[in-house]
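# Topology and contacts: notes
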Amino acid sequence: METGWFVTANDIKQWTETNKRQAEGLVPKLVRRLIRASCKPDYLHFPSGDSIAVGGWDGTLEVLEGNEFIPSGFSVWEFGTDESINKKFEEDFQKRTDNPGDINPSETTFVFATSRIWKDKNKKCSEKNKEKFWKRVRGINANDLENWLEQCPSVHRWFASLIGKRTGSIWDIEQAWESWTCGTSVKATAELVLNGRSEQSESLITKLMGVPSLIHVKANSENEAYAFALATIAKTEDLAPRALIVKDQISWNLLLETQNSLILIPQGFTPENRGYAKQKGHFVIIPVNSTDSRMTSNEIIIEKMPREDRIRALQSMGLSKDQAEKIYSDTHGFIEKIRRHEILGPSEQLIPEWVDCFDSKILTTIMIVTKWDTRKEKDKEAVSILAGIPYDQLEDKLYELTSFKDTPIRLVGNIWQIISKKDLWSLIACKINRQTIDRIENVVFDVLGESDPSFDLPPEERWMASVKGAVPEYSDELKFGLADTLSLLSAFGDRECKNMGEIILTDRVDYWVRKLLTKDISARGWYSFGRNLVPLAEAAPESFLQSLESSMEGNDPSIGSLFIEQGAFYGCLYSNMMWALETISWNLNYLPRVSLALARLSEISISKNSSDNPLHSLKEIYIGWINNTAATHENRVKIIDTVLTKNYPETTWKLLISLLPENHGGSSTPINKPTYHSWAENLKKEVTNKDYYQYINYVADKLVDLVDYNPKSRSLELVKNITRLPKKSFYKFIDKLLTIKNDELDDKVQLEIADELRSIVSMHKKYKEREWALPEKTIDKLEEVFNLIISDDILLRSKYLFDEYIPNFINPIIRLETDNKKHDEIIENYRKNALVKIYQVKGTDGIRKLAAECKFPDIVGTVIARSELKSSIQSEVLDWLENIDKNLITASQYFILNCAVVDEGWVNSVSNQCNTRSKDWVANFLLGLPFNQNIFRLLSSFEKDITEAYWKKTKRYYLNNSDLEMINWVVEQLLINERPLNALNATCVFYGSISLKSF
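What counts, and where the lines are drawn
- Residues numbered from 1 in each chain as written.
- Predicted model: local features only at pLDDT ≥ 70, side-chain atom pairs only at ≥ 80, totals over all residues.
- Heavy atoms only, no water.
- pLDDT = per-residue confidence, 0-100.
- Helix = DSSP H or I, 4+ residues; strand = E, 2+ residues; numbered from the N terminus.
- Contact = heavy atoms within 4.5 Å.
- Buried < 20%, exposed > 50% of the residue type's maximum accessible area, 1.4 Å probe, protein only.
- Pairing = 2+ DSSP bridges.
- Right-handed = clockwise from strand over helix to strand, strands pointing away.
- Phe/Tyr/Trp six-rings, centres within 6.5 Å; stacked < 30°, edge-to-face > 60°.
- Lys NZ or Arg CZ within 6 Å of the ring centre and 35° of its normal.
- Domains from an automatic or database assignment.
- Axes fitted to C-alpha atoms, helices over the stretch in contact; angles between N-to-C directions.
- 1 Å grid on protein atoms, 1.4 Å probe; cavity = no way out; pocket = protein on both sides within 12 Å on 5 of 7 lines; lining within 4 Å.
- Points joined across faces, edges and corners; volume = space filled by probe spheres on them.
- Nonpolar A, V, L, I, M, F, W, Y, C, P; charged D, E, K, R; others polar.
- Expected span 1.5 Å × (residues − 1).
- Bend = angle between axes of the 7 residues up to and from the residue.
- Patch = residues over 30% accessible without salt bridge, like charges linked within 9 Å, V, L, I, M, F, W, Y side chains within 5 Å.
- Areas by Shrake-Rupley, 256 points an atom, 1.4 Å probe, with all protein chains shown as cover.
- Salt bridge = Lys/Arg side-chain N within 4 Å of Asp/Glu carboxyl O.
- Polar contact = N/O pair within 3.5 Å; in protein donor to acceptor, adjacent residues only side chain to side chain.

## As for the confidence of the model for the chain
Looking at the chain as a whole, its pLDDT mean stands at 89, while 95% of the residues score no less than 70. Summarising per-element confidence for the chain, the mean pLDDT is lowest in helix H47 (residues 980-992) (80) and highest in helix H25 (residues 533-539) (97). Across residues 994-999, where pLDDT falls below 50, the model places three contacts with residues more than four positions away in sequence or in other chains.

If you want it as C-alpha cells, here you go:
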C-alpha cells in the first residue's frame, strides 16, 4: 500500500496556515469523524462549517468508554486554529470557567483541540488541572491528530484527500460515492439506487452496527450492488467515517491490522483473507451480481427497482418526466444501461468485455430481432437464418453470453430479449455491414408480411383467436422487434453504420416498408400489421402515407371495414393506424398529408368513442394551449385554411369546434411520439399567451365565417358553444344571428336555438355573482337574440316547459328566494297558463300535439288534471288511451292517476266506460290507476286477458303502508306473468319499507 498520502502533524499545520478559514470549519468535522470512527458515542454534537458561528460550545460529547484521545463520560470541547495558540486556550478556558452555563464542571472534562503544533500543551493542561474546577482538562494538537488519523484509516483517507494528498488504492466513502455519481454528465443522486429500498438499506445499516461480519449485497449487477452499499453508508453519519473502498490486495492486507473496526468494500479484485478481516473486527461488504451462485447466510438481496421508483429517481437528478420515462423505456431500468444512456451523457464509455470478444454476427442478430418466443418454430427459424448457424448452436452461444458481466440479453420464461436496444446499438452499430443487411432482407418479408388469420373471425370471437387456432406463425414479439429495428436503421443507420459500402440504409428500409405495405392495402392487410404499423410508419413515412392514401380512395375504400364499430369488448382495430399517423405528424414535411389522412379517416370512421377516433387525433395535434406538434400556430392556421377547409369542410368545422377553449378548463392526451427520429425533440410544450390568444381568435373567427356555408346546422352548433367564443368573435356571431333571415332556419332549428339561448341566459342570470358568469351586457345581447329567434307559435314557445322537469326560464326562479314547494308551484302555474293559452289558440288539437311532441308527456297529463281544462278536455284525453302514440297514452295515464288520487268517485264514473271501450283502452286505463287495493278489486271484475295485460305491463308495483299485506299476492301475480325480476324488486322494496320493530 502506498504511504505517501499519510498525513503528518506538519501537513496539518501547513494546511491550517494556508487555509485558516477552511480549517476553522473543518477541524470540528475532522474530530467528529474521528470520534465516530474510534468509539460509540451516546451523545455527540460538533457543529462544523458555517454552523461554528452560532455560539455555545464548539462541541459536546458523552461516551461510556473513551480512549487515548477521547475522555470517558461527559466532555465539552473548544477548537482553535490561531497561531497564538496559548492565548486562544487561555481565553476560551477562562470564558467557559467563568460561565459554564448548565454544565457541572466537576463532572465534565474540558478539551481544547487545535490543528497547530502546540508545544506547551502538557504544561498548560497540567496548570489548569491543579485548579480542580473541571473534572479534567485535556489538550489535542496536530501531533495527536496525526496519531489518531493513523488509527482511523477511513477518516485518514478522507482527510488526506481533502488536503490534497491522493492515492489510487484506497478511497474514502465520500470520494467513492462522488466518483460513482459523476460517472454521467447529469450527476446521479442516491435515489437512483435507494428508491423503494428502505427496508434493504436499513437492514445493511443494522448489520454494520452489529457484530463484524462478511456481507454479500446482491443486485441485478455488481455495479448496482456496489452503488447501493456506497449510498447507504454515505447517508449514515455513524458509518461513513469507518468505510473504505480498497482497490488492491496489498492495501487490503495492511488495513486489516488497524485496531479500530472498519467497513471494507473491495473494488476491482477479489480479496483474500476475508475471514481474517472479520476476525480482526472489520466488516466486509462484497457486491455481487444476483446470478452469483454462491450461497451465503448473510446476504442482502436487492430486487429490480420498480418502474415508478426508478423514474422518480431519474427525475430527482433534474430530468423531466418525459426524459426519465424515455430512459426507462430504452433501458428497462437496468443501471449500467441507464448510466450509458445518451440523455445522461456518460462521462466515460464503459465497454463491456463481450463487445470485442463475442461473435459479432450473433450480437447483430439479437439486436435486429430484439425479442423472440422459443415456443414458436418460425421464430427460431428466422433467428437462425439471421445468425447463420443452427438454432441449437445459437442458443448455446446465448447462454454463454448471459454469463458475461453487464450482459445484453436475458431469457424471461420462454422469451429471449435484449435488455436495452439503444445501449446495444451504441456498442455494436459499427459491426453492422452489408452482409447484415442482406440477412435482414432474407427474413423481413416473411416475418412482417404474414397475414393475421384472426381477422376472419367474427369480432366477438377474436379474443378467442388462440383457442380457435387463428394465430400467426411468427410471434408478435419477433415482429415488433424487427419492425422497430427498421425504424432504428432509418434514423441512425446511415450515420453510425460505417461498413455499408454504396448501400444507403434509409433507401433500403424504405424499399422494404413500401413492398410490405403495398402487398395488401385492404382492411385485412392493415389489421395484420397490428402494432408493428407504428415503427414501420416511422421507418418510411412516405411509403406508409402512399399506401394509406391508396387504401382510402373511392366511395367504398378498401380500408373501410377496419373502421366498423366492434363493440365495447372487442377493441379498436384502427388504433395502431392513429398512433402511426400521430408519430409521423411530428415531421413537418408530412403534417399536411397526415392532416388530410386523419380528416378522410374521420369520414370513414363510425366510432362513437371520442377518445380513439381520427378526429380526436386531429384535435390533439392542432390543440392550441399545448404543443403536440412541431408546427407553429401560424403553420397550423395555414394548413387549416389551405388544406383542410378546402378538402374536408365538415371535418374542419368539427375540428375547429373542438379547439375552442373549454368553459371550465380542458385536458389533452399526449399523442404518440417517434421512438428514434428527432422530429419531436427540443420542443417546448408550453405556449405563450400571445400565441394562444391569437390562435383561438383565428379559430373562433373562422367558425363564425363558416356558419354562412350551412346556417341551419352550424348556427345551432355554434350557439351551443357560444360561451367558449372570445369576446370579439362572440359579438361578431351575435350580430350574424340578429341579421339572419327567418327562411334560413326552419321551426325545429329555431326552437333548438331558442332553447339553448334560454338555458344559457337563465344559467348566467341565476348565478350572476359567480366568477364564470357572463357580464350583464353580454346576457342582454343573448336575450335580444332569443327574443328575435323565438317562434311566435304559442305551442313552440311553450314546449320547453314540458321538455324538462325543471325548465330554464329566461328570467329564472331563484331558489334562494323560495322554498321548494313554492318553487314547484310557480313552475306548475307557468305550465297551467301555457296549456290554457294553447287551448285558447289551437284547441284540443294543440294540446294533443304538445303531448305527442314533448319529451315528458307525463307532465302534460298531470298539469291537465290539475288545471281548469280538466273537465273541458277530459273526454279527448281519455280517448288517447286507444292511440298508437305512446306519448299520448302516457299523458292520458298520468291524467288518470292524478284525477284518481284526488277523487275516488271519479274512478267509478269513468270505469263505467270500460263496458263500451276496447280491450286496449281498458288495459291502458287500468295501468293509469294508483297501485293499491282499489285497483286489485277492480281487476277482479275483468276477464283474464285484461288482467294478464295489466300484470305484464304495469310499472307500478310498490305498495303503500296500508296495503303491505298484499305483497305476497302482488309477487305471485308478477311471477305468474313471467316477471321474476320485478317480483324480486317488489319484495326488496317491501322489506325495505317495514320497520325492524315489526319483527
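This is not the end of the story, as more comes after the structure.
## Remarks on the pairing of strand E4 (residues 108-114)
In terms of burial, E4 is largely enclosed, as seven of its seven residues are buried. Here E4 shows two buried faces, one formed by Thr108, Phe110, Phe112 and Thr114 and the other by Thr109, Val111 and Ala113. Pairing of strand E3 (residues 73-80) with E4 involves seven bridges; the strand directions are parallel. Within E4, the residue paired with phenylalanine 79 across the bridge is alanine 113. Handedness of the β-α-β unit built from E3, helix H3 (residues 85-98) and E4 comes out right-handed. Summarising the sheet, E4 and strand E5 (residues 136-140) pair through five bridges and their orientation is parallel. Of the residues in E5, the one forming a bridge with threonine 109 is arginine 136. Taking the sense of rotation as the criterion, the β-α-β connection linking E4, helix H4 (residues 121-130) and E5 turns out right-handed.

## Description of the packing of aromatic side chains
Working definition: an aromatic ring pair is given by the centre-to-centre distance plus the angle between the planes. Summed over the entire model, instances satisfying the criterion amount to 38 aromatic pairs. Taken together, a centroid distance of 5.9 Å and an interplanar angle of 50° make the contact between tyrosine 767 and tryptophan 772 tilted. Where tyrosine 800 meets phenylalanine 809, the ring centres are 6.2 Å apart and the plane angle is 80°; that geometry is what we call edge-to-face. There is no split in this pair, since tyrosine 800 and phenylalanine 809 are both buried. Among the aromatic side chains, those forming a connected cluster through ring pairs are Trp57, Phe89, Phe93, Phe110, Phe112, Trp118, Phe133 and Trp134. Across the ring face of tryptophan 158, the terminal group of arginine 33 is positioned such that the distance to the ring centre comes to 4.3 Å. Its end group placed over the ring of tryptophan 171, lysine 247 keeps NZ or CZ at 3.3 Å from the ring centre.

## Remarks on the domain arrangement of the chain
When the domains of the chain are assigned, the result is domain 1 (9-157), domain 2 (168-316), domain 3 (816-942) and domain 4 (957-998). One C-alpha centre belongs to domain 2, the other to domain 3, and the line joining them spans 86 Å.

## Details of the side chain of serine 543
Take serine 543: it is sitting in helix H26 (residues 541-551). A residue is classified by how much of its surface remains accessible, and serine 543, at 2% relative accessible area, is buried.

## Looking at the sheet that holds strand E7 (residues 214-219)
The strand order E6-E8-E9-E10-E7-E11 describes an open sheet built from six strands, whose pairing is mixed. Only two strands of the sheet have a single partner each, and these edge strands are strand E6 (170-172) and strand E11 (299-301). With strand direction ignored, the average angle separating the axes of adjacent strands in the sheet is 25°. Two strands pair when backbone bridges link them, and E7 and E11 are joined in this way by three bridges, in the parallel orientation. Bridged to lysine 218 within E11 is isoleucine 301. With respect to the sheet, helix H10 (residues 222-234) is in contact with E7, strand E8 (243-246), strand E9 (263-266) and strand E10 (283-289), its orientation differing from that of E10 by roughly 145°.

## Focus on the environment of isoleucine 335
One can find isoleucine 335 in helix H15 (residues 335-339). In this structure isoleucine 335 comes out as buried when scored by relative accessible area, which is 1%. C-alpha separation for the pair isoleucine 335 and aspartate 406, spaced 71 residues apart in sequence, amounts to 9.5 Å. Non-local contacts of isoleucine 335, meaning those with residues more than four positions away in its chain, are made with Trp180, Leu192, Val193, Ser221, Asn223, Glu224 and Arg310.

## Remarks on the pairing of E9
Note on strand geometry: in a regular strand, side chains alternate between the two faces of the sheet. Neither face of E9 is open: one carries Ile263 and Ile265, the other Leu264 and Pro266, and all of them are buried. The pairing of E8 with E9 spans four bridges and is parallel. In the strand pairing of E9, valine 246 is matched with proline 266. Of the strand pairs in this sheet, E9 and E10 are connected by two bridges, and their pairing is parallel. Looking across to E10, one finds that isoleucine 263 is bridged to phenylalanine 283. A crossover links E9 with its parallel partner E10, the connecting element being helix H12 (residues 274-279), and its sense is right-handed.

## A closer look at the layout of surface pockets
Space inside the largest pocket adds up to approximately 1,800 Å³. Forming the boundary of the largest pocket are 47 residues, of which Lys326, Ser329, Lys673, Pro674 and Thr675 lie nearest the centre. Only helix H14 (321-331), helix H20 (421-428), helix H22 (476-496) and H25 provide two or more residues apiece to the lining of the largest pocket. Looking at the lining of the largest pocket residue by residue, the class counts come to 15 nonpolar, 16 polar and 16 charged. Size it by volume and the second largest pocket reaches roughly 1,000 Å³. Lining the second largest pocket we find 36 residues, and of these Glu222, Asn223, Tyr226, Gln267 and Lys405 sit closest to its centre. If one sorts the elements of the lining of the second largest pocket by residue count, E10 sits on top with four residues. Considering only residue class, the lining of the second largest pocket consists of 15 nonpolar, ten polar and eleven charged.

## Here we look at H22
Under the 1.5 Å per step criterion, the end-to-end length of H22 is 28 Å for 21 residues, consistent within 8% with the ideal 30 Å. Where H22 bends most, at serine 490, the angle is about 45°. Summarising burial for H22: 15 of the 21 residues are buried, a large majority.

## Let's talk about a nonpolar patch on the surface
A cluster of nonpolar side chains, Met763, Tyr767 and Trp772, forms an exposed patch at the surface whose accessible area comes to about 270 Å². Within the secondary structure, tryptophan 772 is located in the loop between helix H35 (747-766) and helix H36 (776-789). For tryptophan 772, a relative accessible area of 35% translates into the label partly exposed.

## Description of the sheet that holds strand E13 (residues 409-412)
As summarised here, the arrangement of the three strands in space is E12-E14-E13, forming an open sheet in which the pairing is antiparallel. Looking along the sheet, the strands with just one partner apiece sit at the ends: strand E12 (371-373) and E13. Going across the sheet, the axis of each strand differs from the next one's by a mean of 15°, ignoring polarity. The sheet contact formed by E13 and strand E14 (residues 415-418) spans four bridges and is antiparallel. What sits directly across from leucine 411, in E14, is tryptophan 416. Sitting on the sheet, helix H19 (residues 391-402) touches E12, E13 and E14, and the angle it makes with E14 is about 55°.

## Overview of unusual backbone geometry
A negative phi angle is the norm for most residues apart from glycine, just as the trans form is the norm for most peptide bonds. Phi at aspartate 406 takes a positive value of approximately 60°, unusual for a residue other than glycine. Residue glutamate 978 is not a glycine yet carries a positive backbone phi of 60°. Position of glutamate 978 relative to the elements: it lies in the loop between helix H46 (967-976) and H47. What makes glutamate 978 exposed here is its relative accessible area of 65%.

## Quick look at the pattern of salt bridges
The final tally for this structure, using the stated rule, is 64 salt bridges. Residues arginine 375 and aspartate 373 are paired through a salt bridge, measuring 2.9 Å at the closest nitrogen-oxygen approach. The exposure class assigned to arginine 375 is exposed, which follows from its relative accessible area of 58%. Of the charged contacts, one joins glutamate 381 and lysine 378 as a salt bridge, the two residues approaching to 4.0 Å between their closest N and O atoms. Of this pair, glutamate 381 and lysine 378 both sit in helix H18 (residues 377-387), three residues apart, which is roughly one turn of the helix. When its relative accessible area of 40% is taken as the criterion, glutamate 381 is described as partly exposed. For lysine 378, a relative accessible area of 26% translates into the label partly exposed. Each of Lys20, Arg21, Glu24 and Asp82 takes part in salt bridges that share partners, so that together they form one network.

## With respect to the side chain of aspartate 423
Assignment of secondary structure puts aspartate 423 in helix H20. With relative accessibility at 6%, the residue aspartate 423 sits in the buried group. One polar contact links aspartate 423 to arginine 340, side chain to side chain, over a distance of 2.6 Å. Non-local contacts of aspartate 423, meaning those with residues more than four positions away in its chain, are made with Lys337 and Arg340.

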